[in-house]
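Residue-level structural notes
Take a look at the letters that make up each chain.
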Amino acid sequence: MLRLEDVHVRRGGTQALRGVSLEVESGEIVALIGANGAGKTTTLAAISGLLRPERGAIRFAPESQAEPLDLVATAPDRIVAAGISHCPEGRQIFGRLSVAENLRIGAYLRRDRSAIEHDVAEIHGLFPILKERASLPGDRLSGGEQMMLAIGRALMSRPKLLLLDEPSLGLAPRLVEQIFDILERIRAEGTTVLLVEQNAAMALELADRAYVLETGVVTQSGEARELAEDANVRRAYLGAAG
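The structure displayed is predicted, hence computed values, not measured ones. (Residues numbered from 1 in each chain as written. Predicted model: local features only at pLDDT ≥ 70, side-chain atom pairs only at ≥ 80, totals over all residues. Heavy atoms only, no water.)

**Quick notes on the environment of R185**
Structurally, the position occupied by R185 is in helix α7 (residues 173–188). For the pair R185 and L126, spaced 59 residues apart in sequence, the C-alpha separation works out to 8.6 Å. (Helix = DSSP H or I, 4+ residues; strand = E, 2+ residues; numbered from the N terminus.)

Written out as C-alpha cells, the structure reads:
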C-alpha cells in the first residue's frame, strides 16, 4: 500500500531523515517509535506532502488503484483525495468552530452530502461524547475529547490510510486505553494505520509491525511483538534495566 525508499528530508536546516525506507501493507497497524527528534513526525509530514524530500521515493497504491501514486510529486490536497488522512501531533483543531463544524471540515473534498451525514453518525458511534458536545466550540473540549475530535475529523475523508501522530500525548492512562481501543476498531473496519507514538509499550502491543527511528535513520524493524522483546528496544524505550 505505502512504500518509502531511501527518503531524505531537511527540516529547519537539519537533516531530519537520512535514507528512511519502510512499508505499510493494507489492513495493518504499523508503529513508528523513537525518541523526540528521531524523525517520526517528519516522516508523516513527508508522506502527506507537508514536507518535500530532497531524495528518495514515496509511493501509495491502495487496492483500488492499479498504478502507485508518486506522493513526492503530488499536492497535499490530492494526497488526501487519494485516500491518505493525517491526524497531526497536538490535535490542531479549530478552537472557535463547533465540534460539528470541525468534523465536517474533514470532508471538505467530498460532495456526497448524504454519505457525509452517514459518516458523522458513524463518528458519533465511535466517540459518543462528540455528539453530546456537537454545538460547543472546539477549545471548550478536554484534551482527550480534542484527540477524539481530531481522529474523527481525519476519518471524515474516508481514508484508506490514517497517519496518526502521538495520540496519547498529554492524556490520562484511561483515555489512552480508550483511544487505542478505538484504533483497533478503526482497523477492523478497513482503515490501515501508520502510528507515531512515544508510548512504545502500548504502540507495540497494538501494532502488527514496527520501525525504530533514531536521528532520522531506521535502526530496527520487524514484528511488533518481537521488537517488544528485543533487549535494545526494551532498554531504550520500554524502561527495562540492562
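**Regarding the pattern of salt bridges**
Taken as a whole and judged by the stated rule, the model has twelve salt bridges. D6 is the salt-bridge partner of R55, the closest N and O atoms lying 3.3 Å from each other. Here R55, found in strand β4 (residues 55–60), pairs with D6, found in strand β1 (residues 2–11); they are 49 residues apart in sequence, far enough to count as distant. Judged by relative accessible area, which is 47%, R55 ranks as partly exposed. Its relative accessible area of 35% is what places D6 among the partly exposed residues. E145 serves as the salt-bridge partner of R133, at 3.2 Å between the closest nitrogen and oxygen. Residue R133 is found in the loop between α5 (128–132) and α6 (143–155), and its partner E145 is found in helix α6; the two are separated by twelve residues along the sequence. (Salt bridge = Lys/Arg side-chain N within 4 Å of Asp/Glu carboxyl O. Buried < 20%, exposed > 50% of the residue type's maximum accessible area, 1.4 Å probe, protein only.)

**Focus on the sheet that holds strand β8 (residues 192–196)**
Taken together, the six strands give an open sheet; going across it, the order is β6-β7-β8-β3-β9-β10, and neighbouring strands pair in mixed fashion. Two strands close off the open sheet at either side, each with one partner strand: β6 (84–87) and β10 (217–223). Averaged over all pairs of adjacent strands, the angle between strand axes in this sheet comes to 15 degrees, irrespective of strand direction. The sheet contact formed by strand β3 (residues 29–33) and strand β9 (residues 209–214) spans four bridges and is parallel. Across the sheet, the residue bridging to V30 is R209, located in β9. In the packing of α7 onto the sheet, the strands contacted are β3, β7 (161–165) and β8, and the crossing angle to β3 comes to about 140 degrees. (Pairing = 2+ DSSP bridges. Axes fitted to C-alpha atoms, helices over the stretch in contact; angles between N-to-C directions. Contact = heavy atoms within 4.5 Å.)

**Some remarks on α6**
Its 13 residues place the ends of α6 19 Å apart at the C-alpha level, agreeing with the 18 Å of an ideal helix rising 1.5 Å per residue. When you tally the buried positions in α6, you get twelve out of 13 residues, the bulk of the element. Taken residue by residue, α6 has G144, E145, Q146, M147, M148, L149, A150, I151, G152, R153, A154 and L155 as its buried positions. (Expected span 1.5 Å × (residues − 1).)

**Quick look at the side chain of D119**
The residue D119 is located in helix α4 (residues 113–126) in this model. On the basis of relative accessibility, which here comes to 9%, the residue D119 falls in the buried class.

**Section: unusual backbone geometry**
Residues other than glycine seldom take positive phi values, yet E166 does so here, at roughly 55 degrees. Along the chain, the position of E166 falls in the loop between β7 and α7. Its relative accessible area of 4% is what places E166 among the buried residues. One non-glycine residue, T215, adopts positive backbone phi at about 45 degrees. Locating T215 in the fold gives a position in the loop between β9 and β10.

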